[in-house]
Amino acid sequence: MKEQFYFFGDDIKRMLGKQKIRILFIWLSRSFWGIGLYRLERSLYLLFGKYYKGVRIIFIPIFNLIQSYSNIDIHYHADIKGGINVLHPSIGIVVSGKAIIGKNLSLTGGNIIGVKEKCEPNSFIIGDNCTLGANAVILGPLMLGDSITIGASACLLKDCLINNSVLVGVPASRVENK
(Lines give C-alpha, C1' and ligand atoms only; values in the text may rest on other atoms or scores of the structure.)
Protein backbone atom coordinates (compact mmCIF):
# COMPACT_ATOMS: atom_id res chain seq x y z
CA MET A 1 0.00 0.00 0.00
CA LYS A 2 2.78 2.43 0.93
CA GLU A 3 4.38 1.74 -2.43
CA GLN A 4 1.37 3.32 -4.21
CA PHE A 5 2.03 6.65 -2.48
CA TYR A 6 5.64 6.59 -3.71
CA PHE A 7 4.35 5.78 -7.19
CA PHE A 8 1.92 8.72 -6.95
CA GLY A 9 4.88 10.94 -6.09
CA ASP A 10 6.60 9.74 -9.27
CA ASP A 11 3.37 10.43 -11.19
CA ILE A 12 3.27 14.00 -9.89
CA LYS A 13 6.94 14.57 -10.77
CA ARG A 14 6.21 13.54 -14.38
CA MET A 15 3.13 15.78 -14.49
CA LEU A 16 5.21 18.75 -13.32
CA GLY A 17 7.97 18.26 -15.86
CA LYS A 18 10.77 20.80 -15.65
CA GLN A 19 8.59 23.62 -14.31
CA LYS A 20 8.18 22.84 -10.62
CA ILE A 21 6.01 25.97 -10.15
CA ARG A 22 3.18 23.98 -11.77
CA ILE A 23 2.66 22.35 -8.35
CA LEU A 24 0.48 25.39 -7.51
CA PHE A 25 -2.23 24.36 -9.97
CA ILE A 26 -1.51 20.72 -10.86
CA TRP A 27 -4.05 19.54 -8.27
CA LEU A 28 -6.81 21.04 -10.46
CA SER A 29 -5.88 18.98 -13.52
CA ARG A 30 -7.89 16.01 -14.71
CA SER A 31 -4.76 13.87 -14.86
CA PHE A 32 -4.01 14.47 -11.17
CA TRP A 33 -7.49 13.39 -10.08
CA GLY A 34 -7.71 10.38 -12.40
CA ILE A 35 -4.31 9.01 -11.47
CA GLY A 36 -4.84 9.90 -7.80
CA LEU A 37 -8.11 7.95 -7.81
CA TYR A 38 -6.37 4.92 -9.32
CA ARG A 39 -3.59 5.09 -6.71
CA LEU A 40 -6.15 5.39 -3.89
CA GLU A 41 -8.23 2.48 -5.17
CA ARG A 42 -5.14 0.35 -5.77
CA SER A 43 -3.95 1.07 -2.20
CA LEU A 44 -7.33 0.12 -0.73
CA TYR A 45 -7.42 -3.02 -2.86
CA LEU A 46 -3.97 -4.03 -1.62
CA LEU A 47 -5.05 -3.30 1.95
CA PHE A 48 -8.40 -5.13 1.93
CA GLY A 49 -7.70 -7.78 -0.72
CA LYS A 50 -10.72 -9.71 -1.92
CA TYR A 51 -12.96 -7.80 0.54
CA TYR A 52 -12.33 -4.51 -1.26
CA LYS A 53 -15.15 -5.27 -3.70
CA GLY A 54 -17.61 -4.94 -0.80
CA VAL A 55 -15.87 -1.99 0.86
CA ARG A 56 -15.80 -0.15 -2.47
CA ILE A 57 -19.61 0.03 -2.63
CA ILE A 58 -19.59 2.80 0.00
CA PHE A 59 -17.28 4.98 -2.09
CA ILE A 60 -18.74 4.36 -5.57
CA PRO A 61 -20.66 7.69 -5.78
CA ILE A 62 -17.51 9.68 -5.00
CA PHE A 63 -15.36 7.53 -7.28
CA ASN A 64 -17.84 7.98 -10.15
CA LEU A 65 -17.79 11.77 -9.75
CA ILE A 66 -14.00 11.87 -9.84
CA GLN A 67 -13.91 9.45 -12.75
CA SER A 68 -16.40 11.51 -14.76
CA TYR A 69 -14.35 14.67 -14.12
CA SER A 70 -11.04 13.08 -15.04
CA ASN A 71 -12.16 10.86 -17.97
CA ILE A 72 -9.61 8.33 -16.75
CA ASP A 73 -10.78 4.80 -15.97
CA ILE A 74 -7.94 2.66 -14.64
CA HIS A 75 -9.10 -0.56 -12.99
CA TYR A 76 -7.70 -1.09 -9.50
CA HIS A 77 -6.47 -4.60 -10.45
CA ALA A 78 -4.06 -3.07 -12.99
CA ASP A 79 -0.50 -3.13 -11.66
CA ILE A 80 1.14 0.09 -12.83
CA LYS A 81 4.51 1.35 -11.58
CA GLY A 82 5.16 5.05 -10.94
CA GLY A 83 5.43 7.81 -13.47
CA ILE A 84 2.12 7.69 -15.35
CA ASN A 85 1.67 10.82 -17.47
CA VAL A 86 -1.65 11.54 -19.18
CA LEU A 87 -1.34 14.49 -21.55
CA HIS A 88 -4.93 14.99 -22.77
CA PRO A 89 -7.38 13.12 -20.52
CA SER A 90 -10.46 14.87 -21.90
CA ILE A 91 -10.47 12.40 -24.80
CA GLY A 92 -10.62 9.51 -22.30
CA ILE A 93 -8.34 6.77 -21.03
CA VAL A 94 -9.26 3.15 -20.20
CA VAL A 95 -6.87 0.60 -18.68
CA SER A 96 -7.87 -3.00 -18.04
CA GLY A 97 -7.37 -4.66 -14.68
CA LYS A 98 -5.38 -7.45 -16.35
CA ALA A 99 -2.53 -5.14 -17.38
CA ILE A 100 0.89 -5.13 -15.74
CA ILE A 101 2.64 -1.91 -16.75
CA GLY A 102 6.17 -0.69 -16.04
CA LYS A 103 7.29 2.76 -14.96
CA ASN A 104 6.94 6.02 -16.93
CA LEU A 105 3.93 5.19 -19.10
CA SER A 106 2.86 8.16 -21.28
CA LEU A 107 -0.71 8.31 -22.58
CA THR A 108 -1.66 11.01 -25.05
CA GLY A 109 -5.45 10.67 -24.92
CA GLY A 110 -8.16 8.45 -26.31
CA ASN A 111 -6.09 5.41 -25.35
CA ILE A 112 -7.44 1.98 -24.54
CA ILE A 113 -5.35 -0.73 -22.92
CA GLY A 114 -7.75 -3.65 -22.91
CA VAL A 115 -7.97 -7.40 -23.27
CA LYS A 116 -9.65 -9.84 -25.59
CA GLU A 117 -11.90 -12.53 -24.13
CA LYS A 118 -9.19 -14.85 -22.84
CA CYS A 119 -6.30 -13.40 -20.88
CA GLU A 120 -4.39 -15.57 -18.44
CA PRO A 121 -2.75 -13.95 -15.38
CA ASN A 122 0.64 -12.35 -16.15
CA SER A 123 0.10 -12.58 -19.91
CA PHE A 124 -0.50 -8.85 -20.53
CA ILE A 125 2.73 -6.99 -19.75
CA ILE A 126 3.86 -3.57 -20.97
CA GLY A 127 7.48 -2.57 -20.29
CA ASP A 128 9.02 0.63 -18.93
CA ASN A 129 9.04 4.03 -20.69
CA CYS A 130 6.33 3.22 -23.23
CA THR A 131 4.32 5.92 -25.04
CA LEU A 132 0.93 5.68 -26.73
CA GLY A 133 -0.02 8.25 -29.36
CA ALA A 134 -3.49 9.78 -29.59
CA ASN A 135 -6.25 7.17 -29.85
CA ALA A 136 -3.79 4.26 -29.81
CA VAL A 137 -5.24 0.93 -28.68
CA ILE A 138 -3.50 -2.09 -27.17
CA LEU A 139 -5.48 -5.32 -26.93
CA GLY A 140 -3.86 -8.10 -24.93
CA PRO A 141 -2.82 -10.60 -24.00
CA LEU A 142 0.57 -9.54 -25.28
CA MET A 143 4.02 -8.52 -24.09
CA LEU A 144 5.85 -5.30 -24.92
CA GLY A 145 9.49 -4.50 -24.31
CA ASP A 146 10.88 -1.25 -22.91
CA SER A 147 10.82 2.20 -24.57
CA ILE A 148 8.23 1.32 -27.18
CA THR A 149 6.31 4.08 -28.96
CA ILE A 150 2.92 3.29 -30.45
CA GLY A 151 1.79 5.74 -33.11
CA ALA A 152 -1.45 7.69 -33.21
CA SER A 153 -4.56 5.63 -34.00
CA ALA A 154 -2.55 2.39 -34.08
CA CYS A 155 -4.11 -0.86 -32.90
CA LEU A 156 -1.59 -3.26 -31.38
CA LEU A 157 -2.59 -6.92 -31.20
CA LYS A 158 0.73 -8.83 -31.07
CA ASP A 159 3.88 -9.01 -28.93
CA CYS A 160 6.85 -6.74 -29.55
CA LEU A 161 9.80 -7.57 -27.33
CA ILE A 162 12.32 -5.48 -29.28
CA ASN A 163 13.21 -2.49 -27.09
CA ASN A 164 13.17 1.05 -28.55
CA SER A 165 10.67 0.12 -31.27
CA VAL A 166 8.13 2.29 -33.05
CA LEU A 167 4.82 0.61 -33.92
CA VAL A 168 2.30 2.14 -36.34
CA GLY A 169 -0.77 1.17 -38.34
CA VAL A 170 -3.80 -1.07 -38.01
CA PRO A 171 -2.87 -3.69 -37.02
CA ALA A 172 0.30 -2.11 -35.66
CA SER A 173 3.63 -3.31 -36.98
CA ARG A 174 7.21 -2.32 -36.29
CA VAL A 175 8.81 0.44 -38.34
CA GLU A 176 12.44 -0.26 -39.14
CA ASN A 177 14.91 2.42 -38.06
CA LYS A 178 16.88 3.75 -41.03
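Structure report, in brief. What you are looking at is a predicted structure, and each value in this text was computed from that prediction instead of being measured. In this numbering scheme, every chain counts its residues from 1 along its sequence in written order. Side-chain atom pairs in this predicted model are given and counted only at pLDDT of 80 or more, local residue features only at pLDDT of at least 70, and totals for whole chains, interfaces and linings cover all residues. The basis for every side-chain value is the complete set of non-hydrogen atoms in the structure, without hydrogens or water.

Attention shifts here to the packing of helix H1 (residues 2–16) against helix H2 (residues 30–48). Inter-axis angles, ranging from 0 to 180 degrees, are taken between N-to-C directions of lines fitted to C-alpha atoms, where helices are fitted over the stretch in contact. By the criteria applied, helices consist of DSSP H or I runs no shorter than four residues and strands consist of E runs no shorter than two, each listed in order from the N terminus. In the contact formed by H1 and H2, the axes pass within 10 Å of each other and the chain directions differ by 170°. Relative to H2, H1 is oriented roughly antiparallel. In contact with Gln4, Phe5, Phe7, Phe8, Asp11, Ile12 and Met15 of H1, H2 contributes Ser31, Phe32, Ile35, Gly36, Tyr38, Arg39, Arg42, Ser43 and Leu46. Each residue is assigned to one class: nonpolar for Ala, Val, Leu, Ile, Met, Phe, Trp, Tyr, Cys and Pro, charged for Asp, Glu, Lys and Arg, and polar for all the others, Gly among them. Across the contact of H1 with H2, the residue classes break down as nine nonpolar, four polar and three charged. Relative orientations are named as follows: roughly parallel for angles under 35 degrees, roughly antiparallel for angles over 145 degrees, roughly perpendicular for angles from 65 to 115 degrees, and oblique for any other angle. Only heavy atoms matter for contacts: two residues are in contact if any of them lie within 4.5 Å across the pair.

A pair of strands counts as paired when DSSP detects no fewer than two bridges linking them. Reading across from one edge, S1-S4-S7-S10-S12 is the order of the five strands in this open sheet, with parallel pairing throughout. With one partner strand each, in any of the chains shown, strand S1 (72–74) and strand S12 (155–156) form the two edges of the open sheet. For S1 and strand S4 (residues 93–95), the ladder comprises three bridges, and the chain directions are parallel. Note that in S4 the partner of isoleucine 72 across the bridge is isoleucine 93.

Quick look at unusual backbone geometry now. The omega torsion of the bond from glycine 140 to proline 141 falls at 10°, within 30 degrees of zero and hence cis. With respect to the secondary-structure elements, proline 141 resides in the loop between strand S10 (137–140) and strand S11 (149–150). For the bond running from valine 170 to proline 171, omega is -10°, close enough to zero to count as cis. Checked against the element boundaries, proline 171 lands in the loop between strand S13 (166–168) and strand S14 (173–175). Backbone geometry at asparagine 104 places phi at a positive 60°, although glycine is not the residue there. By secondary structure assignment, the location of asparagine 104 is in the loop between strand S5 (100–101) and strand S6 (106–107). Within the chain, asparagine 135 stands out as a residue other than glycine whose phi angle is a positive 60°. With respect to the element layout, asparagine 135 can be found in the loop between strand S9 (131–132) and S10. Relative accessible area serves as the criterion here: at 37%, asparagine 135 is assigned to the partly exposed category. Between buried and exposed lies partly exposed: a residue is buried under 20% and exposed over 50% of the maximum accessible area for its type, with that area taken using a 1.4 Å probe on protein chains only.

A few words now on the pattern of salt bridges. What makes a salt bridge here is a side-chain nitrogen of Lys or Arg within 4 Å of a carboxyl oxygen of Asp or Glu, nothing more. One pass over the structure, following the stated rule, counts four salt bridges. Among the ionic pairs, glutamate 41 bridges to arginine 56, the shortest N-O distance being 2.5 Å. Placement of glutamate 41 in helix H2 and of arginine 56 in helix H3 (residues 52–70) is noted, with a sequence separation of 15 residues between them. The buried category is assigned to glutamate 41, whose relative accessible area is 3%. Here the residues in one salt-bridge network are Arg42, Asp79 and Lys81, joined through shared partners.

A word on the sheet that holds S6. Sheet architecture is open: six strands sit in the order S3-S6-S9-S11-S13-S14, paired in mixed fashion. Pairing within the sheet leaves two strands with one partner each, and these edge strands are strand S3 (85–86) and S14.

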